[in-house]
Amino acid sequence: MLTYDLTQGDGPLYRRLYDAIRRDAISGNFDPCEKLPSKRTLARNLGVSAITVENAYDQLISEGFVYTLPKKGYFIAPSIPQKRRVAQVLDLEINATPNRAERGSDAASILFDFSSNRADPELFPFSAWAKMIRAAMTTREKKLLEPSPGVGVLELRRAIANYLASFRGLSVDPNQIVVGSGAEYLYGLVVQLLGRDKIFCVETPGYKKPRQIYEAQGVECRLARIDDKGARVDELKRVRADVAHINPTHHFPTGVTATLSRRHELLAWANERDERYVLEDDYDSEFRFNGRPIVPMFGLDPDKVVYMNTFSKSLAPTIRISYMALPVALANRFYEKLGFYSCTVSTFDQYALAEFLRQGYFERHINRMRLHYSRKRTRVLEIIRRALPPETCRIIENDSGLHFILQLQTRYADAELQARLLEKGVRLAAVSEFDEKEAEEYRGMFLLNYSGIDLNGLENAVAILKDAM
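Not measured: the values here are computed from a predicted model. Each chain has its residues counted from 1, following the order in which its sequence is written. Only residues with pLDDT of 70 or above have their local features reported here, since the model is predicted, and side-chain atom pairs are shown and tallied only from 80 upward, although totals for entire chains, interfaces and linings are computed over all residues. The basis for every side-chain value is the complete set of non-hydrogen atoms in the structure, without hydrogens or water.

Considerations on the nonpolar core
Turning to step 1, where the next piece is worked out: Counting 55 residues, the largest nonpolar core has Ile-160, Phe-311, Leu-315, Tyr-323, Leu-353, Phe-356 and Leu-357 as its most contacted members.
Turning to step 2, where the next piece is worked out: Contacts: residue pairs with any heavy atoms within 4.5 Å of one another. Each residue touching Ile-160, except ones within four places of it in the same chain, is listed here: Ile-177, Val-179, Phe-311, Tyr-323 and Leu-357.
Turning to step 3, where the next piece is worked out: Nonpolar cores are built from buried Ala, Val, Leu, Ile, Met, Phe, Trp, Tyr and Cys residues. Side-chain atoms within 4.5 Å join them into one set. Residue exposure (1.4 Å probe, protein chains only): buried if accessible area is under 20% of the type maximum, exposed if over 50%, otherwise partly exposed. Within the second largest apolar cluster, 34 residues are counted, among which are Leu-381, Cys-393, Ala-468 and Met-469.

So, in structure tokens, the structure goes:
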């Protein structure tokens, strides 16, 4: 009987079990085609749930270390020499240049990270996803090996269109949808589609990656300030923008939701000229905890809005599948001008995601995520409000997204407070980091991404924050 000590190591239990079996398989401790214990038997022996064992087995199956036979059980793969080399590569340390949040501190010394926006790995639906991959491989053998259309396979675009109709209230033809490996790739396609002679504009404070991509694409990118109602039209006019890249549903990092009146103002601005467009980045719209989801701007004016979303937040960052819905005129232009591109997402992943959406797994997964994050959000707020007096800390939230703002009353400048916290092993990102002008109105405002934080260490981290203020 397999016996492993799962009390040691990092990450969820299923991952520790997966790592242990994988190591034994690579080391040759199993015979080829050796039968593994059943899920329930191994779960009883290790003192874990059957779901934990199932998730570990599913991951091993998806990577080729294990195979299964109906009504017979799980078996070690007959040969895994290639997996040995892959595992060795995966175990290598990669030296990367530290980003701004890591300056002045070794990342390994961070004990608690309020700025991490990673998803909880326990929430990923490994069993269902593995099932969809197996289904794709058994029912679409020929299609899997056919080149994908540049915009993505029709089955996935149709599934996305149905999802947008059912849950976002949007009427989109599948032929208006373009699938790509991440939003960053799609930003580049938008530049090529609209032309490098256009002036692109992004919000400030705001996520810096779009501006970096637009400038790398050779287009002029300018900044427009926002207020508590969303992107400001007077700012767009001041910088003479042609394309406004905005987060109207849940702005990053401030969390502002654009009002309906402001959305109409933005659309009126776009309609003043033929080649003006709004690029609506709806990156975490699924995570709204009270009330109905806000109808995207694309639903208000489908001729002037490019709608963009991703499965990176709702499934996992490593899924790397994003999509955009184009106005009909731009969709026709895309097929005419950029139709030669190959799709950057593998057909295996496209067909798996199409079935994941079509069979309702995605809806159930999102419902589980909302419930989990809603409970976690409530718990995080309880701990903070209990530890930090209201006169020292104001919480700014709007019942959506996976982060909110802590406005702290402190005698220290933002960078100084961050440095004091880093000395104690706590990382906290400031809103001012995302503001090119570092305006005084954002002083003392810090992001709290709660999706990936460990609740077990939160009280201690908040105590450190209180002492540092």
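Quick look at the pattern of salt bridges
Turning to step 1, where the next piece is worked out: One speaks of a salt bridge when a side-chain nitrogen belonging to Lys or Arg is within 4 Å of a carboxyl oxygen belonging to Asp or Glu. In the structure shown here, the tally under the stated rule is 26 salt bridges.
Turning to step 2, where the next piece is worked out: Arg-225 is paired through a salt bridge with Glu-441; the nearest N and O atoms lie 3.9 Å apart. With Arg-225 in strand 6 (residues 220–227) and Glu-441 in the loop between strand 15 (429–430) and strand 16 (445–449), this pair connects stretches of sequence that are 216 residues apart.
Turning to step 3, where the next piece is worked out: A salt bridge links Glu-265 to Arg-262; its shortest N-O distance comes to 3.6 Å. Taken together, the positions of Glu-265 and Arg-262, both in helix 11 (residues 260–270) and three residues apart, correspond to about one turn of that helix.
Turning to step 4, where the next piece is worked out: Salt bridges linked by common partners bring Arg-140, Lys-143, Glu-155, Glu-355 and Arg-358 together as one network. Each helix is a run of DSSP H or I of at least 4 residues and each strand a run of E of at least 2, with the numbering of both proceeding from the N terminus.

Considerations on the sheet that holds strand 13 (residues 403–408)
Turning to step 1, where the next piece is worked out: We treat two strands as partners when DSSP finds at least two bridges between them. The antiparallel open sheet is built from four strands, whose spatial order is 12-13-16-15. A strand with exactly one partner marks an edge of an open sheet, and here the two such strands are strand 12 (393–396) and strand 15.
Turning to step 2, where the next piece is worked out: Here helix 15 (residues 361–387) sits on the sheet and contacts strand 12, strand 13 and strand 16; the angle it forms with strand 13, its principal contact strand, is near 10 degrees. Only the contacting stretch of a helix is used when fitting its axis, a line to C-alpha atoms as for every element, and angles between N-to-C directions run 0 to 180 degrees.

Section: the packing of aromatic side chains
Turning to step 1, where the next piece is worked out: Each aromatic pair joins two rings of Phe, Tyr and Trp (for Trp, the six-membered one) with centres within 6.5 Å, and gets the label stacked for planes under 30 degrees apart, edge-to-face for over 60, and tilted for any other angle. Tallied over the entire structure, the rule returns 23 aromatic pairs.
Turning to step 2, where the next piece is worked out: Geometrically, the ring pair formed by Phe-340 and Tyr-341 is stacked, given 4.7 Å between the ring centres and 25 degrees between the ring planes.
Turning to step 3, where the next piece is worked out: Since its relative accessible area comes to 61%, Phe-340 is described here as exposed.
Turning to step 4, where the next piece is worked out: Taking the ring centre of Phe-75 as reference, the NZ or CZ of Lys-35 above it sits at 5.9 Å.
Turning to step 5, where the next piece is worked out: Above the plane of the ring of Tyr-277 lies Lys-304, whose end atom (NZ or CZ) is 4.9 Å from the centre. Here, a charge over a ring is recorded when the distance from Lys NZ or Arg CZ to the ring centre is within 6 Å and its angle to the ring normal is within 35 degrees.

Topic: helix 7 (residues 154–167)
Turning to step 1, where the next piece is worked out: Between its first and last C-alpha atoms helix 7 spans 20 Å; for 14 residues at 1.5 Å apiece the expected length is 20 Å, and the two agree.
Turning to step 2, where the next piece is worked out: Listing the buried residues of helix 7 in full gives Leu-156, Arg-157, Ala-159, Ile-160, Ala-161, Tyr-163 and Leu-164.
Turning to step 3, where the next piece is worked out: Buried residues along helix 7 sit in contact with strand 4 (177–180), strand 10 (305–310), strand 11 (322–325), helix 13 (328–338), helix 14 (347–358) and helix 15.
Turning to step 4, where the next piece is worked out: Gly-169, located one to two residues past helix 7, shows a positive phi value of around 70 degrees. Any helix carries an expected span of 1.5 Å times its number of residues minus one.

Topic: a nonpolar patch on the surface
Turning to step 1, where the next piece is worked out: Judged by side-chain polarity, Met-137, Leu-145 and Phe-348 come together as a nonpolar surface patch covering roughly 320 Å² of accessible area.
Turning to step 2, where the next piece is worked out: Following the sequence through the fold, Phe-348 ends up in helix 14.
Turning to step 3, where the next piece is worked out: Using a relative accessible area of 35% as the deciding quantity, one classes Phe-348 as partly exposed. To count toward a patch, a residue needs a relative accessible area above 30% and no salt bridge. Like charges then connect within 9 Å, nonpolar side chains (Val, Leu, Ile, Met, Phe, Trp, Tyr) within 5 Å. Per-residue accessibility takes into account occlusion by the displayed protein chains alone, with areas from the Shrake-Rupley method and a 1.4 Å probe.

Side note on the sheet that holds strand 10
Turning to step 1, where the next piece is worked out: One open sheet accounts for eight strands, arranged 4-11-10-9-8-5-6-7; its pairing is mixed. Edge positions in the sheet fall to strand 4 and strand 7 (230–231), since each has one partner strand and no second.
Turning to step 2, where the next piece is worked out: Pairing of strand 6 with strand 7 involves two bridges; the strand directions are antiparallel. Bridged to Ile-226 within strand 7 is Ala-231.
Turning to step 3, where the next piece is worked out: Sitting on the sheet, helix 8 (residues 183–194) touches strand 4, strand 5 (199–204), strand 8 (243–246), strand 9 (277–281), strand 10 and strand 11, and the angle it makes with strand 11 is about 30 degrees.

A short note on the environment of Lys-72
Turning to step 1, where the next piece is worked out: With respect to the secondary-structure elements, Lys-72 resides in the loop between strand 1 (66–69) and strand 2 (73–76).
Turning to step 2, where the next piece is worked out: When the C-alpha atoms of Lys-72 and Glu-184 are compared, they prove to be 45 Å apart, with 112 residues separating the residues in sequence.

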